[in-house]
Amino acid sequence: MSNRTIKVETLTRVEGEGGLYIRLNGEAVDEVRLEIYEPPRLFEALLRGRPLEDTPDITARICGICPVAYQMSSVHALEAALEVTVSPEVRRLRRLLYCGEWIESHGLHMHLLHAPDFLGFDSGLEMAKEFPDEVNRGLRLKKHGNQLVDMLGGRAIHPINVCVGGFYRLPKRKELQNLISDFEWGLNAAVETTRWVASFEFPDFESTDCEYISLSHPDEYPMNAGVMKTSSGDLIEVGNYEAEFEERQVPHSTALHAIRNSTGRPYLLGPLSRVNLNRDKLSSTARKLADEVKLEPLCRNPHKSIIARGLEIIHAYEEALMILRDEPPKGKSRESYEYRAGEGMSATEAPRGTLFHRYIVDDDGKIVEACIIPPTSQNQAQIEADLKQWISHVISNDEQETARKCENLVRAYDPCISCSTHFLNVKIERT
Amino acid sequence: MKHHSQILITGIGSPHGDDQVGWEIAKQIQNRDSDFVDVHLARTPDDLLDWMEGMKQLVICDACQGAGDVGSYHHWEWPSDQLETMKWSGTHNISLPTVLALAEELGRLPTSVRIWGVEIEQTQAGRSLSESVEAAAVVVAETICQALSIPRKKAESHHA
């Protein structure tokens, strides 16, 4: 077989714009590049000199799919800098907001973006002709997520009710209770969805050397707090994030790659990592489903991320229902604080993985320095490593088919390229 | 008594510059006798999927680019090949034509779907509508109201 280059010009069903370039030397893979050419968005520079109160609303603008995670990492980091502790009620409501975002993001990705790959369709639209009930279910799950974020965050996309110290306004009992019946339906639908995706035929593929990393918390499934846990058994304090994980510039991407300093190797964040490392903290229904569908205790098949997303939607519905049925929050909606110079950092779990924020603030409550490390940029190097391994499984003379299978793998990670710096093109080159 | 409307008017847009034009048209129609229509403001095209159930007519008002001079307005009956070639935006590639095609596959699409687009110039945060786009919004809202026989509010028509 001659040397060649395969390039997928437009990788669809991912959020953002980028490309995939593969150079082959006979059967050997010379080079794989996940090319992210979207211009840098410079949010960190934009924040400098602005009042710290602007930060949650500005960082939410980084992403239309996971704005809650950006708001949460930013308010938690700023609260750490200002030594503000929020009430348990506010903390629960923030987890409720997370549940909304996970339901919306995972529901959309599983049904309309990822499932078509397993069922042989080019798009969710094509799939809707033969699987209308499943597509309708996906749209309804997405709607539930949006409704929850709308109720608690003031609007479904780029919510505006989150502030340093708590919320601008607490929800009323009726607003919480209004969602219960839909969420009861949603929990059952999430169980059905997970059984459905677990029945897909998965490629026999394992990412053998991948290190899985996510937040971990002794009492809860990780969303908004914890320490970093790794599949190699390490525990890393969030305060050591930048010492442990190094961002590196690579010529073919406007998003920074990341490696673990101690190993010099890439790592993977996201739903599969979270489930791999925190399965015992999933809600009871999600745990039972994980056993029922026989998900491996340490699943190394990235294509099965769709099952992990299903388990997380079940968890999100179950936790959301618990909070919605509980006594409505009373007392003040937010803690007051005094400006003080300081530094604070936080990591929370966006749908696509751990999102780290660090801020330095001054005595006047202005942002002096901001550092934001999104999950997709951290996952890039691992995606490239997995692709390199995957290509040897799928390479054929049919370049279109090879490219399509490479796209399938990239979509399994649900990359949010807009967050990390937007389209993906795949090019395979044989020299 | 409010009778159940079977006409859905949707403005798609954002608060930024000329991207407000879809919302502006919808708001002007909402200020008429609202018994006759359901009016919703959408941020992304997929919002429409939530509101179509039981509707017989759907009118979509949106900003567009690539159809003519700034401030020109255009309308299409769905399905239309022209829509695919124009620039419409949508999260996760769910563009307006994709949403309408999806609604059709799922049996949710009203029998009549008419799309109005106003050619825009800028979508800068904090900017208001460009003069020619604002003028087009008034004409499009009036044309839709006349076509659907949507009356002015009683008080308004009384003083007129």
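Just so it is clear, the model here is predicted, and its values are computed rather than measured. Every chain is numbered on its own, with residues counted from 1 as its sequence reads. Both sets of labels track the order of writing: A upward for chains, 1 upward for ligands. With the structure being a predicted model, the display of local features is reserved for residues of pLDDT at least 70 and the display and counting of side-chain atom pairs for 80 or more, all residues being used for whole-chain, interface and lining totals.

1. Focus: the domain arrangement of chain A
Residues and elements named next belong to chain A. Operational definition: Start and end points for every domain follow an automatic or database-based domain assignment. All amino acids are sorted into three groups, where Ala, Val, Leu, Ile, Met, Phe, Trp, Tyr, Cys and Pro are nonpolar, Asp, Glu, Lys and Arg are charged, and the leftover types, Gly among them, are polar.
When cut into domains, chain A gives domain 1 (35-203 + 325-389) and domain 2 (213-296). On a C-alpha basis, the centroid separation for the pair domain 1 and domain 2 is 16 Å. The class makeup of the residues in the side of domain 1 that touches domain 2 is 15 nonpolar, 11 polar and 7 charged.

2. Notes on the nonpolar core
Threshold: Any nonpolar core is a set of buried residues, restricted to Ala, Val, Leu, Ile, Met, Phe, Trp, Tyr and Cys, that join up through C-beta atoms within 7 Å. Field definition: a residue is buried when 20 or more other C-beta atoms are found within 10 Å of its C-beta, exposed when 12 or fewer are, and partly exposed for counts in between, with C-beta atoms placed from the backbone. Here the contact rule is simple: place C-beta atoms from the backbone, and any two residues whose C-beta atoms are within 7 Å are in contact.
Val118(B) and Val140(B) are the most contacted members of the largest nonpolar core, which totals 138 residues. When residues are assigned to domains, this core turns out to be shared by domain 1 (35-203 + 325-389) and domain 2 (213-296) of chain A, each giving three or more. Among residues more than four places away in sequence, those in contact with Val118(B) are Val21(B), Ala63(B), Cys64(B), Tyr73(B), Val133(B), Ala136(B), Ala137(B) and Val140(B). In terms of nonpolar packing, the next biggest core, distinct from the first, is built from 23 residues, Ile6(A), Ile22(A), Val32(A) and Ile36(A) among them.

3. Re the environment of Ile62(A)
Stated precisely, the cut-off is as follows: Only DSSP runs of H or I covering at least 4 residues are called helices, and only runs of E covering at least 2 are called strands; the numbering of each starts at the N terminus.
Within the element layout of this structure, Ile62(A) appears in the loop between helix H2 (55-60) and helix H3 (67-82). Considered as a pair, Ile62(A) and Tyr317(A) are 255 residues apart in the sequence and their alpha carbons are 25 Å apart.

4. Quick look at the sheet that holds strand E11 (residues 342-350) of chain A
Residue and element names in this part refer to chain A. The condition that has to hold: When DSSP finds at least two bridges between two strands, those strands are taken to pair. Where helices are involved, their axes are fitted lines through C-alpha atoms of the stretch in contact, as for all axes, and angles between N-to-C directions lie from 0 to 180°.
Reading across from one edge, E11-E12-E13 is the order of the 3 strands in this open sheet, with antiparallel pairing throughout. Among the strands making up the open sheet, the edge pair consists of E11 and strand E13 (367-373). Looking at each pair of strands side by side, their axes are set apart by 15° on average, direction ignored. Pairing geometry for strand E12 (residues 353-361) and E13, over 6 bridges, is antiparallel. Opposite Tyr-359, over in E13, you have Ala-370 as the bridge partner. Seen against the sheet, H3 touches E11 and E12 and runs at an angle of roughly 150° to E11.

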